[in-house]
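# Structural overview
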Amino acid sequence: MSLDNALGSLRRYSCELRNGLTNHAPMVAEALHHLGLDAHIQAWVEAEIPRCLPRPAARSPINAAAWQTEVGDPQRFSDWVQLFEQSIDEQGWPATVRTWVPRLTPAFTSAAAHGVIRTGHALRALGGRVTQARRLELADALAFWACTFTTLPVSIGRVEQVPPSAALASLAPLQLQAQQRAGSITAALGVLQEDAEFARHFDRLATDDEFDQLTLDVAATFARLFCRAAQSPLQAIVFTHAVTGVAAVRHIAPYLEQEQQKLLLQHGFHTGCALYRVYADHRYEPPVAEAYIPGVEESIYDALDHGDEHVIKLTDAAIEFTQVTADGFFLTAAESCRRLLPARPR
């Protein structure tokens, strides 16, 4: 099954699964395609479809002129899909991205960052080849981001700005009890809404460095966070999103203005810091050395054999970052994720 065929077959389904969690199938299909595993897309997607909810019917048109009052209602996913399909048809998909991503950027954290992550996968696919299936997937991705619109607290003020690793280390985890982390990631992050210290931390990241290098430094920091802080299956899932969220920034950024790029990355870093603040057990200290660095080909087929969506997507992001940086912590994090999460049932 080709990527386009997979995306076409998945258009019958919602952005959520029957268990209330995110439908990862379009993102995994694109990741498998990017990893050169097109021959395995069909089997993975067909095994996932029984978990998917049917796509809901549209209710009423979105008022784009008053979009701020329309966001944040998951029941209106299909309404948003219609708006973005129309925008892509009339304005083109790059113009739609330029208009809407800056509007959605403050809600980077929406649905545990899955809206922005899915958008990143869709844009990487379009960067490879422009097809109708990929344009429609972009509409779905942006709709998912909009209908789950959720923001983190932000306070703009005078704080010392430092590089990513130092910025993360300057924030202490809340060390919550297990029951406070129960339920969805979005629900658990709700504890931060009244967290003034966390809100001020938004400005902690120094953004003066060249954008591409700063993005790689943020990603490297979150890969090291994964290696240090992911000690359970839940933490493996949580900290995967910190890395894959930054990967999405790299795929979206070429369509934005310079200041919009940096703001998207800043919100991505803030989201990763939120995950650390709520889910880490100990204060961050960068690990000294990688425990084990698997090879790229070994990582690809280990992820495919394991089958979990988070393992596949983190491995995909890790390989992409490794090819640019030769930083062994990315593949080490992917290997750790594979060990911590149960394999997908066959």
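Being a predicted model, the structure only gives us computed values, none of them experimental.

For the largest pocket, the calculated volume is near 710 Å³. At the level of secondary structure, the elements contributing two or more residues to the lining of the largest pocket comprise strand E1 (13–17), helix H3 (41–48), helix H6 (110–128), helix H9 (185–188), helix H12 (233–252) and helix H15 (309–325). Across the lining of the largest pocket, the residue classes break down as 13 nonpolar, eleven polar and six charged. Taken as a whole, the second largest pocket encloses approximately 230 Å³ of empty space. Forming the walls of the second largest pocket are His40, Ala43, Trp44, Ala47, Leu304, Asp305, His306, Gly307, Arg344, Pro345 and Arg346. For the lining of the second largest pocket, the secondary-structure elements that each account for two or more residues are H3 and helix H14 (296–306).

Here we come to empty space enclosed by the protein. Per the stated rule, a full pass over the model turns up seven cavities of 30 Å³ or more. Space inside the largest cavity adds up to approximately 70 Å³. Those elements that place two or more of their residues in the lining of the largest cavity are H6, H12 and H15. Taken together, the residues of the lining of the largest cavity sort by class into four nonpolar, four polar and four charged.

The rules behind the values
- Residues numbered from 1 in each chain as written.
- Predicted model: local features only at pLDDT ≥ 70, side-chain atom pairs only at ≥ 80, totals over all residues.
- Heavy atoms only, no water.
- 1 Å grid on protein atoms, 1.4 Å probe; cavity = no way out; pocket = protein on both sides within 12 Å on 5 of 7 lines; lining within 4 Å.
- Points joined across faces, edges and corners; volume = space filled by probe spheres on them.
- Helix = DSSP H or I, 4+ residues; strand = E, 2+ residues; numbered from the N terminus.
- Nonpolar A, V, L, I, M, F, W, Y, C, P; charged D, E, K, R; others polar.

Coordinates in, geometry out; function isn't part of it.
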